[in-house]
Every structure is written in C-alpha cells, then in structure tokens.
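This is what each chain is made of:
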Amino acid sequence: MVVDSQLMSFFTAGSLIVIGIFAALFLDNLIKKIIGLAFLGDGVNLFIITMGYKPGGIVYIFLPDMTISNFAQTSAYPLPFALVLTNIVIGASTLAVILGLVLILNKRHGSLSASKILRDKGE
Amino acid sequence: MDLNALIAVMIILPIASALFLNLLHKKDRTIKIIAIITAVVLPIIPLLTPYGSHFFGGYLPLAQNSTLAQGLPAIITGTQLSQFHLGIMYVFSSAQQLMIFILGIITFFAIFTFINETKKPSGVYAFLLFMGTASLSAILLSDDIFNLFVFFEIAALAQVGIVVASGIKDNYETALKYILIGNIAGPLLLLGIVMLLGVTGNVNVTDMIFSIKNGFVDPQSPVLLMALSLITFGWLYASGLPPFHTIKSEVYSKALPHGAALIQAFSVFTLVAIGIIIIRLFSYNPFTHIAIIGISVIAMILGITMALMQTDYKRILGYLAVGELGYIGIGLGLGTALGITAGLFQAINESVITSFLFIGFGTVLYKTRTSDTKKLGGMMYVNPKVALLVLLAGLAMAGVPPLNAFQSKLMLIQASIQSGLPEIGIIMILLSIVTFMTFMKAFYTVYMRPKPKELEVLDNKIPKSTIISLVAFLIICITLGLFPQIATSSLQTLAAGLV
Amino acid sequence: MNIYDFILKKMREVQKKAEEDQPITNITASAMLAAELTLIASVLVAVIMVRLIHPVLMIIMIAAVLIIAVMARPIMPRLRKEQNDDLNNMMFYIVVALGIVVALFYWGNLNV
C-alpha cells in the first residue's frame, strides 16, 4: 500500500488542530489550555507547509547552474514557507504574552484552574 | 518625490513613533512631545497622499515590470501569471482616505486625553496605542490577505496590552480571556486564508477575485466554502459580533476611557475591512449576504437588549457599541451600492460617536473613581458642560437629527426597503428607540438623579483637553449630520466597485 | 395582584435560582421589562423575513416564537445569566457558533 505522504501530513495537521481545540475547550488547567493553543498553531503551520509540497520538487533557491524554466517547473511552492515563518513568530509572541498573564494571575490567585480564575465575577 | 510612498508612511510613522516612545519610557516631557507630534501628523498624512497603489519593494506585476520580466519563459510572461501581483500591495482611494483620517482623529484625541489626564504618561502605553493605530491603517489599506492577518494579530496584542495597562479591577483576567479566545479564532482565520491560498495560488485579493471570476477556480469547491466559513468566523472575532460580543464588551469596560475609545474604533474598522474583503471575494455566493445580515440582526438584538440589563455604565456603553456594529453589518450585507455606502458611513459615524461617549463618560470615572450606576448620581451639578456634551453624544448615537447617525441610519433604512427587506428597517428603528432609552437610563442614573450621600466626588478639575476633545467630536458629528455628502461621496466609489 | 407585582415575583424566582441576592430596584425591573418586550418584538419582526423562503414556514415560526415567548417568560433574566463573563460559557457558545457557521456555509449553500 503506497502511503501518500501529503495526505498523511494533512491528516496529522487536522488532528493537531482538533486536539488543540479540544484541549483549549475542555481542560481546566491554564497551562494545558495554552499547550492546546500551541498545538492549534502548530497544526495550522503544518497545514500550510503541506500545501507547499510538490512531489519531486527541489528547494526554491535559484542556483547559477539552473535555467529559469527548469527552476519554475520543478521548485516547491515558496510562498507558504514565508507565511509559516511569520506565523511562528506571531505564535511565539502571543505565547509569551499569555504566559506572562498566567504568571501574574497565578501569583494573585494561587491556582492555575481556569474555572476558578476566569469565572463570572457577577457584575 | 514619489508621493505614493506616503501610503507606506501612514503605517511606518506610527510604528516608528511607537518603538521610539517605548524606548523613551520614563522621560515624561519627551514622550509628551513626540506623542503629540505623531498624533497631529497622523490624520494629516491621508489628506496629502494621492490615490493609487503602493507596491512594497517596488515589485509591480511582471506585465508592468520589464526589468524583472526579462529572460523569463513565455509560460510566465505570456499568460495570466504576468498580471498577478508579486509582492504586498496597498491600495489607497477615497474611502480608505476618509477612514484612516477618522482613525487618525480618534487616535489624536485619545493620545491628547491620555497625556493630559495622567501625570506621568507611560511610553509603553503610548507604544500600544500607536501600534494599534498602525495595524488598523494597514488592515484598511492592505490588498494582501496575509498581511492583513499579521496586522490583525498585532492589533489584538495591542488591545490586550491596553486592557492590561488600565489598572482597573479584574483587567488581567479579562485580558487573559480575550487572548485565549483570540488564539483560537486567529489560527482558524489563518487556516481559512491558507485554504484560499491553496485553491487560488495567491494571497492578493485582486488576483484571487480574478481567478474565481475567470474560471481558474471552481467557485463551488468545498475548500473554498470552508475557507469562507473560517474567514467569516475570524471576522466575527475581530469585530466583536456574536458570539464574541460578551468578551468585547468586557474588554471595553476594563480599559481606560481613551483606550476603550480607540479599541472600539479598531473593532469597527476591522469589521469594515474584513467585511469588504469577504464581500469582494464571495459575493457570488448568495448565502454570504444572508449570513452577514443574519449575524448583524442577532448582534443588534443581543447587544442592545443586554445593554439595558447592565448596571455598570462602561458595560452599557460596551454592549451598545456591539449593538451598533450590527447596523454596519446590515449595510454591508444588503449588497446594494446604497446599502454598502450607508454601512460604511454608519461605521465612520459610530466610531466617532462611541469614542465621544467613552471619553465623555470617562470624566465620571475621573471624578468619582467608580463606574457602578447604583452608586452614582447627581454628576450634572459637578460639571454641567460635560453633562450637556454627553447628552448630545447620546442623542447622536440614537440617531436624532441633525447629528450624524441620523443620516447614516436613514440611508440604511432606505437601503433595506429598496432591497425588499423592510423588516430590517423596522428592527433598526425599534432598536434605535431602545438605544435612546438605554442611554437615557444611563444618563439619568449617572447625571440627573440626586447624588447618593456615600458618593465621594474628587476635587480634581476635568482637564481642558478632555473638554476640547468632546467639543471636537461634537463638531464632527454636527458637520457630518448637516453635510453627509462629505463622507458619502468618498465612500460611493468603493461601494459601486463592490456591487 | 397587579401586573407589576407579578413581574417582580417572576424576577425574584429567577434570581433565587441564580442565587443572586441583589435587591431589584424600580429601574432594574423596568429595564428588564423593556428588554423583554424589545427582544420579543425584534425576534417576531425578524422572523417575518422568513417569508422569502416559504410563507407557511414563516407562519409556523411566528407561532413557535409566540408560544415560546408566552410559556418561557421572563426570558431576559435567563438570557442575561447565560451571557455572563465565564470563560467556559463563552468558549461553549464560540464553538457552537463555529459549528453553525461551518455547517451553514458548507451545506446551506446548496439550496439557496
């Protein structure tokens, strides 16, 4: 049975996304929610990378010994990789802000339970 | 000099100023001077910039870029590929000019109020305000959907920072909730964008529309429909439409008044920008319009009925702001030129009026340090001028002539009747009346009823800058109310292009 | 017992279930009444728009809305309690909305 690696990669990305949303929704510990969100971001990144896959494609660096038409026909699609690099940076900065907030709230409330810290304050 | 470079300056100037102010944190005088200079220049740049496009890096499409097109094979230069945009493109026309100008005005008054109300203005807070403005200008200008996503994430982080910096009780919890929810909606929006990329091979909206209209892409393909639903979901988060209305109104209530004024401007303009992109890309699908109208009606009903039930006046304003977003959505969803013009005009009016209300009611917080209507009362005798200005702001929000929201709501009702949906017009009129009632309830409990004995009114004078900001907003409201053509003439070209 | 006392009694019942112990002021009661009427009126008018799909469906939906409004009154205190600031509550509605949006765009498109 020949396994299509791109299809498997899409499935992995999809399952990462679903696991991430599940963790962000149903787990009570804030750190576990954040790990779930990281899964979600990574799943989307993997999805993007998989989209740029070209069977038998070469790395999209135009070396001096290539012709333009050969390069255009065989290189993998470079745009998704640029998007992923930007998205990884966005994800990292957001993660830093979330973790900073959780740190302060943990010091204040002494707990990491989302239902205890983030409940309705009854205004 | 290539004046089209001013399009990029609209983004680069506030970012550079923000970074500079962040470095200068704790040097109060320098922060005040640089912040005011940037805030003054920001609304002026869009007035000076000529209409056109700006291609970042100078990468025009190959068909117009003969140096780059040299030596490329005919499979690229002879086909549609030569018309596609190579890099990030910003489009600046009359509608963007008006919206960025209004955003600049709101930013100016927010910075002006912030600098004069706090003794030691924080460079970091000014950084957040300017980064948010820069992101919103980029979101309004960008024709590249991934660039829009990047700036949308920056704007979300800036909003979280503005909430964290307010010092109001429970603001950290609100900020954490907002960013947790944003980290679910953001990646899903990106997933939608990436599905569009996968199907059309482009991130430039103009090129994507070309591909969809000219048969390169099957318009009914399931991936495209999934992309539409995910982008719509991300749009709901970015603008604060239901189911995100509770967290958005909580964010408005936990920010300082000038911060809340700016955050609501961000939500309104993000709704407009992403809504326009959804209409441009997906208007061939009739369900898009039905969905936008449906969500907007729910937003109006939920927002305004919930506003009636609140006791904290900042929550009342927050829910009213969310309810007014529904009017804008209906204008966009109707899909006719009059409807879209009316929706965009309502967006401009609503951002001005809600900023007016937030800064106006913010004076109450300044004097009494509380926002609970159960404990307030009798503020009219403390400062009657501000009470009058706030009353006029409330009349403006309800749509009383000759103020601006009357013109835009009238246009919206006319558009809905012309489209064959008079029920929407009836709901809009009903909810405007209830908005007025909600505002009068808040106004009465804060200003008109007798002052409770336990209420402590501080002796500090309301800064002149706040009153100047309120008067300026009132002048804008009256001007747009008496001469709506100033705004609608700029918006009509964009609306006609979308139909 | 006049209508006003009846309304206050209903509000107290919902409040007791919610275990809030804030006093119900005149302003709160009248605001809740106004919100209830607004909600029912706007939902009824919005449902009339269903006439564009099928007139009989519109009549059924109007009857359903009227029956729900009468049987389940007062709706507003419960609606207010549902739209609270709890993260789990918000997440629930967000995921429900995501499901509805995806399902509607994916399959609702076929018959329009």
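Rules used in this analysis
Residues numbered from 1 in each chain as written. Chains lettered and ligands numbered in written order. Predicted model: local features only at pLDDT ≥ 70, side-chain atom pairs only at ≥ 80, totals over all residues. Helix = DSSP H or I, 4+ residues; strand = E, 2+ residues; numbered from the N terminus. Rg over C-alpha atoms; globule rule 2.2 N^0.38 Å. Contact = placed C-beta atoms within 7 Å. Buried ≥ 20, exposed ≤ 12 C-beta atoms within 10 Å, placed from the backbone. pLDDT = per-residue confidence, 0-100. Axes fitted to C-alpha atoms, helices over the stretch in contact; angles between N-to-C directions. Parallel < 35°, antiparallel > 145°, perpendicular 65-115°, else oblique. Left-handed = near helix turned anticlockwise from the far one by under 90°. Nonpolar A, V, L, I, M, F, W, Y, C, P; charged D, E, K, R; others polar. Core = buried A, V, L, I, M, F, W, Y, C linked by C-beta atoms within 7 Å. Expected span 1.5 Å × (residues − 1). Arc of directions from axis to C-beta.

Novice: Give me the lowdown on the overall build of chain A, citing residues and values where you can.
Specialist: Assigned secondary structure in chain A consists of five helices and zero strands. Listing each helix as α and each strand as β along chain A from the N terminus yields α-α-α-α-α. The C-alpha radius of gyration computed for chain A amounts to 20 Å, which surpasses the reference 14 Å derived for 123 residues by more than 25%, pointing to a less compact arrangement than a globule. Expressed as lengths along the three principal axes of its C-alpha atoms, the size of chain A is roughly 65 × 35 × 20 Å. Put simply, of all contacts in chain A between residues at least 6 apart along the chain, 53% involve residues at least 24 apart.

Novice: Give a description of the overall build of chain C that names residues and reports values.
Specialist: Scanning chain C from terminus to terminus reveals five helices and zero strands. Across chain C, helices and strands are ordered from the amino to the carboxyl terminus as α-α-α-α-α. The burial tally for chain C puts 19% of its 112 residues in the buried class. At a minimum sequence separation of 6, the contacts of chain C that also span at least 24 residues come to 49%.

Novice: If you had to explain the confidence of the model for chain C to someone new, which residues and values would you point to?
Specialist: Mean pLDDT over chain C: 83, with 88% of residues reaching 70 or higher. When pLDDT is averaged over each helix and strand of chain C, the minimum, 72, is found for helix H1 (residues 3–18) of chain C and the maximum, 92, for helix H3 (residues 55–71) of chain C.

Novice: Just give me the short version of the packing of helix H5 (residues 94–117) of chain B against helix H12 (residues 257–282) of chain B, but keep the residues and values in it.
Specialist: Residue and element names in this part refer to chain B. At a closest axis distance of 9 Å, the pairing of H5 and H12 adopts a crossing angle of 165 degrees. Between H5 and H12, the angle is such that the two are roughly antiparallel. H5 and H12 meet at a crossing whose hand is left-handed. Contacts from Met99, Leu103, Ile106, Thr107, Ala110, Thr113 and Phe114 of H5 reach H12 at His258, Ala261, Leu262, Ala265, Phe269 and Val272. Split by residue class, the contact of H5 with H12 holds ten nonpolar, three polar and no charged.

Novice: Account for the interface of chain B and chain A, naming residues and giving values.
Specialist: Facing the 29 residues of chain B at the interface are 31 residues of chain A. When contributions to the side of chain B that touches chain A are tallied by element, the ones reaching two or more residues are helix H4 (74–77), helix H7 (145–164) and helix H8 (171–200) of chain B. It is H8 of chain B that provides the largest number of residues to the side of chain B that touches chain A, a total of 15 residues. Its residues assigned to classes, the side of chain B that touches chain A comprises 20 nonpolar, three polar and six charged.

Novice: Just give me the short version of the interface of chain B and chain C, but keep the residues and values in it.
Specialist: Counting residues at the interface gives 36 residues for chain B, matched by 32 residues for chain C. Elements that contribute at least two residues to the side of chain B that touches chain C include exactly H8, helix H10 (222–239), helix H11 (245–253), helix H13 (286–308) and helix H18 (422–448) of chain B. Here the side of chain B that touches chain C gets ten residues from one element, more than from any other, and that element is H13 of chain B. For the side of chain B that touches chain C, the class distribution of residues is 26 nonpolar, six polar and four charged.

Novice: Give a description of unusual backbone geometry that names residues and reports values.
Specialist: Residue and element names in this part refer to chain B. Cis geometry is found at the peptide bond from Pro242 to Pro243, where omega equals 5 degrees. Note that the residue after Pro401, namely Pro402, is joined by a cis bond; omega there is 0 degrees. By the element assignment, Pro402 lies in the loop between helix H16 (384–398) and helix H17 (404–418). The backbone of Asp170 sits at a positive phi, close to 70 degrees, despite the residue not being glycine. Mapped onto the fold, Asp170 is located in the loop between H7 and H8. Take Asp170: there are 14 C-beta atoms within 10 Å of it, and that puts it in the partly exposed class. Positive phi values are uncommon outside glycine, yet Arg369 reaches one of about 60 degrees. Residue position: Arg369 is located in the loop between helix H15 (337–368) and H16.

Novice: Give me the lowdown on the nonpolar core, citing residues and values where you can.
Specialist: Residues and elements named next belong to chain B. Ranked by size, the top nonpolar core spans 238 residues in total, and within it Met99, Ile111, Ile181, Ile193, Phe269, Val272 and Cys477 carry the most contacts. For this core, the leading source of residues is H8, giving 19 residues. Dropping the residues within four chain positions of it, Ile111 is found in contact with Ala35, Ile36, Ala39, Ala126 and Leu129.

Novice: I'd love a proper account of the packing of H5 of chain B against H15 of chain B, names of residues and values included.
Specialist: Residue and element names in this part refer to chain B. In contact at an axis separation of 10 Å, H5 and H15 are set at 5 degrees when each is read in the N-to-C sense. Regarding the angle of H5 to H15, the classification is roughly parallel. Contacts between H5 and H15 involve Ala95, Leu98, Met99, Ile102, Ile106, Thr113 and Glu117 from the former and Leu344, Ile348, Ser351, Val352, Ser355, Ile359 and Tyr366 from the latter. Across the contact of H5 with H15, the residue classes break down as ten nonpolar, three polar and one charged.

Novice: Now, about helix H5 (residues 87–107) of chain C: what can you tell me, with residues and values included?
Specialist: Helix length check: H5 of chain C (21 residues) gives 30 Å between terminal C-alpha atoms against 30 Å at 1.5 Å per residue, within 8%. Residues of H5 of chain C that are buried include every one of Leu87, Met90, Met91, Ile94, Leu98, Val101 and Phe105 of chain C, and no others. When H5 of chain C is viewed along its axis, its buried side chains cluster within an angular range of 95 degrees and face the same direction. Facing away from the buried side of H5 of chain C, by more than 90 degrees, are the exposed residues Val96, Gly99, Ala103 and Trp107 of chain C. Where H5 of chain C is buried, its residues meet helix H1 (5–26) and helix H5 (114–117) of chain A together with H8, H10, H11 and H13 of chain B.

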